[in-house]
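Each chain is listed here by its residues.
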Amino acid sequence: LLVVILALVLGLTLGQKAPTFKATFIAKCKAFNASMVHEDDCEKLWGVFEQAYVGRDPCEVPMEAYDPLIAAVPFKLECKRMMFWSKSKDVVHEFTKKGDCFLTLENTLLGSVLDGLTWCGKKGSSETFTTSCPGWDDCVNNPVRSFWNRVSAAFADAACGDVSAMLNGSIATPFNPTSVFASIEVKRFKYPRVKSLNVVLVTQANSVTNCTNASLKDLQKELDQGITYNCKEVSEARLEECSSNKTIPCGACW
Ligand code: AVW
């Protein structure tokens, strides 16, 4: 009997269809912040989102296709607490998880809903597909890359005051011109709305890079005149300590 029950449960579990992309979108939207997002807001948001790519060739979705989505979800938030990042995804999100200090794009509604997801449409179809979609570099105007470019641009436009950026000190080029941070975000920081850019360079014991790195000189040159630049090397171990130790107050990690 036990074997039969086990087989049945296993069969049911395996036989269950994966939730549709839409269901995942709505569930993540509702989970984001129940007090901020109304139930039907997530349904409406889905409608606006899918308009960007549904029925289109998955290599012909430009950034602008997401303009209505961005307009529907303004970043009216804490512009002063914004944290940008490049090649440091895991460590930055571990750090912002504490939630008392910095906000990354992935800590906002659109960023959190779509982080880690893949989607595309097809000409002549009204469906959303999650497989056989173009990869990041397969074509420039793919739905996923255009979304991140567009939402990153909006996030950077909203930044104000003292802006932070967590960069990777374990690689030779922490400020890479092809990254979203370099190609989209930095270009949109405008003085006097943005007063300073504070780079946190995450280092490890064997780190190859410090704040004198050549690519960071390029970053300084890119900044709008008037924006103050700072760079601080912080070990990954120290960041992890700050992420786990709740008695270290916001802003006291470096
Ligand atoms: P990243 P970014 N192939 O760590 O500065 C597949 O380079 O670009 O940081 N996926 C890619 C590729 C690629 N060649 N390049 C980027 N990605 C995706 C938004 C992938 O999901 C925030 F506000 C990777 O984990 C940050 O300040 C992610 O993009 C800034 O843009 C980050 O790539 C981070 O973009």
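Everything that follows concerns the structure shown earlier in this document.
Residues numbered from 1 in each chain as written. Predicted model: local features only at pLDDT ≥ 70, side-chain atom pairs only at ≥ 80, totals over all residues. Heavy atoms only, no water.

### As for the nonpolar core
Membership of the largest hydrophobic core comes to 53 residues, with the highest contact counts inside it found for Phe49, Phe84, Leu114, Trp119, Phe189 and Leu219. Examining the composition of this core, we find that eight residues originate from one element, helix H7 (residues 143-158), more than from any other. Residues in contact with phenylalanine 189, not counting those within four places in the same chain, are Phe84, Ala156, Ala159, Val163, Phe181, Val194, Leu197, Asp224 and Ile227. Among the nonpolar cores identified, the runner-up in size contains 14 residues, and Val92, Val200, Val202 and Cys242 belong to it. (Core = buried A, V, L, I, M, F, W, Y, C linked by side-chain atoms within 4.5 Å. Buried < 20%, exposed > 50% of the residue type's maximum accessible area, 1.4 Å probe, protein only. Helix = DSSP H or I, 4+ residues; strand = E, 2+ residues; numbered from the N terminus. Contact = heavy atoms within 4.5 Å.)

### Regarding unusual backbone geometry
Here the amide bond leading from tyrosine 191 into proline 192 is cis, since omega sits at 5 degrees, within 30 degrees of zero. Checked against the element boundaries, proline 192 lands in the loop between helix H8 (180-185) and strand S3 (194-203). With a phi angle near 55 degrees, lysine 87 is a residue other than glycine that sits in the positive phi range. Tracing the sequence through the fold places lysine 87 in the loop between strand S1 (83-86) and helix H5 (89-96). In the Ramachandran plot, serine 132 falls in the positive-phi region, its phi being about 60 degrees despite a non-glycine side chain. Counting through the fold element by element, serine 132 comes out in the loop between helix H6 (109-114) and H7. Exposure remark for serine 132: the relative accessible area of 78% places this residue in the exposed category.

### Digging into the site of the ligand
Taken together, 13 residues lie around the ligand, and Ser86, Lys87, Val180, Phe181 and Glu185 are the ones closest in. Residue glutamate 185 places a side-chain N or O atom 2.6 Å away from an oxygen atom belonging to the ligand. For the ligand, the protein covers 71% of the area, taking 670 Å² as the surface of the free molecule. Taken together, the residues that form the shell around the ligand break down as six nonpolar, three polar and four charged. (Near = heavy atom within 4 Å. Polar contact = N/O pair within 3.5 Å; in protein donor to acceptor, adjacent residues only side chain to side chain. Areas by Shrake-Rupley, 256 points an atom, 1.4 Å probe, with all protein chains shown as cover. Nonpolar A, V, L, I, M, F, W, Y, C, P; charged D, E, K, R; others polar.)

### Structural notes on the side chain of serine 125
Inspection of the secondary structure assignment puts serine 125 in the loop between H6 and H7. Residue serine 125 is classed as buried on the basis of its relative accessible area, which comes to 18%. Within the local environment of serine 125, its side chain forms a polar contact with the backbone nitrogen of glutamate 127, the two atoms lying 3.0 Å apart. If sequence neighbours within four positions are ignored, serine 125 has contacts with Val54 and Gly55.

### Structural notes on H7
With 16 residues, H7 extends 23 Å from end C-alpha to end C-alpha; this agrees with the ideal 22 Å at 1.5 Å per step. The buried fraction of H7 is high, at 15 of 16 residues. (Expected span 1.5 Å × (residues − 1).)

### Structural notes on helix H2 (residues 21-32)
In this model, H2 (12 residues) spans 16 Å end to end at C-alpha, consistent with the 16 Å of a helix rising 1.5 Å per residue. Every buried residue of H2 is listed here: Phe21, Phe25, Ile26 and Cys29. Projected onto a plane normal to the axis of H2, the buried residues spread over an arc of 130 degrees and lie on a single side. (Arc of directions from axis to C-beta.)

Fair warning: the whole summary comes from geometry, so function is off the table for now.
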